[in-house]
Amino acid sequence: MKALVVYDSMYGNTEKIARSIGSAITGDVKVLRISEVNPSELESIDLLIVGSPTQGFRPTKPVQTLIKNMAGETLKGITVVAFDTRFAESDVGTGLRLLINMGGYAAPYIAKELKKKGVNLAVPPEGFFVKGKEGPLKEGELERAAAWAKGIIEN
Ligand SMILES: Cc1cc2nc3c(=O)[nH]c(=O)nc-3n(C[C@H](O)[C@H](O)[C@H](O)COP(=O)(O)O)c2cc1C
């Protein structure tokens, strides 16, 4: 299994989740910040995992650009999944909760954009929770991320 975990992260929380996912997958795994990825890296992989903080209901601009520029042809035959970090609904006020429900999160956005390119996602997009804008992650999220990653391989 040759896997690539690509992430963006402003405060380090999404990076921690990406590294936990990377450690949970056996085989040839690379975990790269989005600025370190070059297009050739996408060739000859079996599994691509894309992660982003949710910012304004969306992935960050670099993640949006990466997906936009990915050729459907390159992604053919690759298993792709998406994750994000986000606020938990129970931690935000009613007004913001309504907005978040309408606006959505980064991972479903990534999934939707990849589907437009003909990619089938191996598992539904997943969100991992932070306690505040800068983190930290909620208790147990690193372990949940590792379990989620193991589930992808077993799928
Ligand atoms: C400008 C900005 C906008 C944000 N918008 C949202 C949002 O729409 N929904 C949400 O759940 N969290 C939102 N957040 C919280 C981020 O999801 C949180 O900062 C992120 O999970 C932290 O990950 P990181 O440490 O990898 O940057 C926002 C944070 C910032 C800084």
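Note: the structure precedes this text.
Residues numbered from 1 in each chain as written. Predicted model: local features only at pLDDT ≥ 70, side-chain atom pairs only at ≥ 80, totals over all residues. Heavy atoms only, no water.

(A) Region of interest: the nonpolar core. In terms of nonpolar packing, the biggest core is built from 23 residues, with Leu48 and Leu114 touching the most fellow members. Listed by contribution, the elements that provide at least two residues to this core are strand S1 (2-7), strand S3 (47-53), helix H2 (61-69), strand S4 (79-87) and helix H5 (106-116). Tallying contributions element by element places H5 first for this core, with four residues. In contact with leucine 48, not counting residues within four places along its chain, are Leu4, Val6, Leu42, Met70, Leu75, Ile78, Thr79, Val80 and Val81. (Core = buried A, V, L, I, M, F, W, Y, C linked by side-chain atoms within 4.5 Å. Buried < 20%, exposed > 50% of the residue type's maximum accessible area, 1.4 Å probe, protein only. Helix = DSSP H or I, 4+ residues; strand = E, 2+ residues; numbered from the N terminus. Contact = heavy atoms within 4.5 Å.)

(B) Structural view of the pattern of salt bridges. Per the counting criterion, the structure on display carries 10 salt bridges. A salt bridge links glutamate 15 to arginine 19; the nearest nitrogen and oxygen atoms lie 3.2 Å apart. Of this pair, glutamate 15 and arginine 19 both sit in helix H1 (residues 13-24), separated by four residues, roughly a single helical turn. Between arginine 144 and glutamate 141 there is a salt bridge whose closest N-O contact spans 2.8 Å. Taken together, the residues span about one helical turn, with arginine 144 and glutamate 141 both in helix H6 (residues 141-154) at a distance of three residues. (Salt bridge = Lys/Arg side-chain N within 4 Å of Asp/Glu carboxyl O.)

(C) Structural context of the pairing of S3. A large share of S3 lies buried, amounting to seven of its seven residues. Here S3 shows two buried faces, one formed by Leu47, Ile49, Gly51 and Pro53 and the other by Leu48, Val50 and Ser52. For S1 and S3, the ladder comprises five bridges, and the chain directions are parallel. Across the sheet, valine 6 pairs through a bridge with valine 50, a residue of S3. (Pairing = 2+ DSSP bridges.)

(D) Summary view of the packing of aromatic side chains. Scanning all chains against the criterion turns up three aromatic pairs. Both rings, one in phenylalanine 83 and one in tryptophan 148, keep their centres 6.2 Å apart while their planes meet at 70°; by these two values the pair is edge-to-face. Residue phenylalanine 83 is located in strand S4, and its partner tryptophan 148 is located in helix H6; the two are separated by 65 residues in the primary sequence. Here phenylalanine 128 and tryptophan 148 contribute two aromatic rings whose centre-to-centre distance is 5.8 Å and whose plane-to-plane angle is 75°, an arrangement assigned as edge-to-face. Of this pair, phenylalanine 128 sits in strand S5 (residues 126-130) while tryptophan 148 sits in helix H6, and the two are 20 residues apart along the sequence. Accessibility expressed as a relative area gives 0% for phenylalanine 128, which makes it buried. Assessed through its relative accessible area of 12%, tryptophan 148 is described here as buried. (Phe/Tyr/Trp six-rings, centres within 6.5 Å; stacked < 30°, edge-to-face > 60°.)

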